[in-house]
Every structure is written in C-alpha cells, then in structure tokens.
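# What the coordinates show
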Amino acid sequence: MSNFTKKISPYVEQELSLAYQARKNGLIDIEFSHLENAHVLGQESTYLHVKVHGLMLLWGWRNQQIKEVLGQALRILGAATKTAIGLVPEGNTGGVNISPFKVLPINAKHQAIISKAKHSVGE
C-alpha cells in the first residue's frame, strides 16, 4: 500500500461510512454523493479508486440503475489499469453522469485533504 493511500484512506473511509449510513436511512442520493466525495479523495490510489467504483457499481445494482452498473464496470477496468500511470481526471466525481475523462474543480475542503496527504507522504 502506498504512503498516499495510507494517508488518504481515513478520509475516504469516512465518506464511505457516511454513504453506508445514508443507505441504511434510505437516502440513496446522499449515499451516492458520499461515494462521489470518496472518489474525488481517493482516485489517485489504485486500490481506493477501484474500491469506490466497485461500491458505485453496487449502488447502481441495488437501485436498478443499469446505466450506472455498466458504466462502473468499464470504470473499474480503467481505474485498475490507468491510475498507477497517472491517468486520472482530477476532481472527477466518478459517476456515469460525468465523462470519465472530464477534469472538474475540487472543493477547498477536499483539496486541503488531498494536499495534506500528498505533502505528508514522506513523514
């Protein structure tokens, strides 16, 4: 596991926990929003990138969103093969409603977390 993955994991896992809580409460849109946050935070880690796309695929399956299921299957393949070589569109939220190649702005909170994880890697 890379140092970046170790440093960013608690923040990604927090979003995944919030997604799970939203799912338990039947708040599927909020659940997906937390999965998107987890994607933005963890997409530079192959492990976390693939994990979040897998959870997005499961969200699509549970909610009978065939477009999401198919799109996530393709994105899992892309995340598994392209993340390690840096082919990651920064800020992309990961859902099929956004092109997998589109770069998006990152909100200040997420940018601060990502920067902290990257700059504290050597510590």
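Summarised in this report is the structure supplied together with it. Worth saying up front: this structure is predicted, and the values here are computed from it rather than measured.

### Topic: the overall build of the protein
For the protein, the count of helices and strands is 5 helices and 0 strands. Seen in sequence order, the protein has helices and strands lined up from the N terminus as α-α-α-α-α. Scaling as 2.2 N^0.38, a compact globule of 123 residues should have a C-alpha radius of gyration of about 14 Å, and the protein matches this with 14 Å. By its C-alpha atoms, the protein is 45 × 30 × 25 Å across when sized along the principal axes. Every one of the 123 residues in the protein was classed for burial, and the buried ones make up 42%. Taking contacts inside the protein between residues at least 6 apart in sequence as the whole, the part at least 24 apart equals 59%. As presented, the protein carries roughly 7000 Å² of accessible surface, and 60% of it is formed by carbon and sulfur atoms. Each charge sign in the protein was given a centre, from 13 positive and 9 negative side chains, and these centres are 3 Å apart.

### Examining the environment of Thr 46
Note that Thr 46 resides in helix α3 (residues 46–62). Taking C-alpha positions, Thr 46 is 16 Å from Leu 57, a pair spaced 11 residues apart along the chain. Excluding residues within four positions of it along the chain, Thr 46 makes contact with Ala 79, Ala 80, Thr 83 and Ala 84.

### Remarks on the side chain of Thr 83
Structurally, the position occupied by Thr 83 is in the loop between α4 (66–82) and α5 (108–119). Residue class for Thr 83 comes out buried when judged on its relative accessible area of 5%. A polar contact is formed between the side chain of Thr 83 and the backbone oxygen of Ala 79, at a distance of 2.7 Å. Once you skip the residues sitting within four places of it in the chain, Thr 83 turns out to touch Gln 43, Glu 44, Ser 45, Thr 46, His 49, Gly 78 and Val 88.

### Digging into the packing of aromatic side chains
Inspection of the entire model under this criterion finds 1 aromatic pair. Here Phe 32 and Trp 59 contribute two aromatic rings whose centre-to-centre distance is 4.6 Å and whose plane-to-plane angle is 50°, an arrangement assigned as tilted. Placement of Phe 32 in helix α2 (residues 28–42) and of Trp 59 in helix α3 is noted, with a sequence separation of 27 residues between them. No difference in accessibility class separates Phe 32 from Trp 59, as the two residues are buried.

Rules used throughout
- Residues numbered from 1 in each chain as written.
- Predicted model: local features only at pLDDT ≥ 70, side-chain atom pairs only at ≥ 80, totals over all residues.
- Heavy atoms only, no water.
- Helix = DSSP H or I, 4+ residues; strand = E, 2+ residues; numbered from the N terminus.
- Rg over C-alpha atoms; globule rule 2.2 N^0.38 Å.
- Buried < 20%, exposed > 50% of the residue type's maximum accessible area, 1.4 Å probe, protein only.
- Contact = heavy atoms within 4.5 Å.
- Areas by Shrake-Rupley, 256 points an atom, 1.4 Å probe, with all protein chains shown as cover.
- Lys, Arg positive; Asp, Glu negative; His and termini not counted.
- Charge placed at Lys NZ, Arg CZ, Asp CG, Glu CD.
- Polar contact = N/O pair within 3.5 Å; in protein donor to acceptor, adjacent residues only side chain to side chain.
- Phe/Tyr/Trp six-rings, centres within 6.5 Å; stacked < 30°, edge-to-face > 60°.

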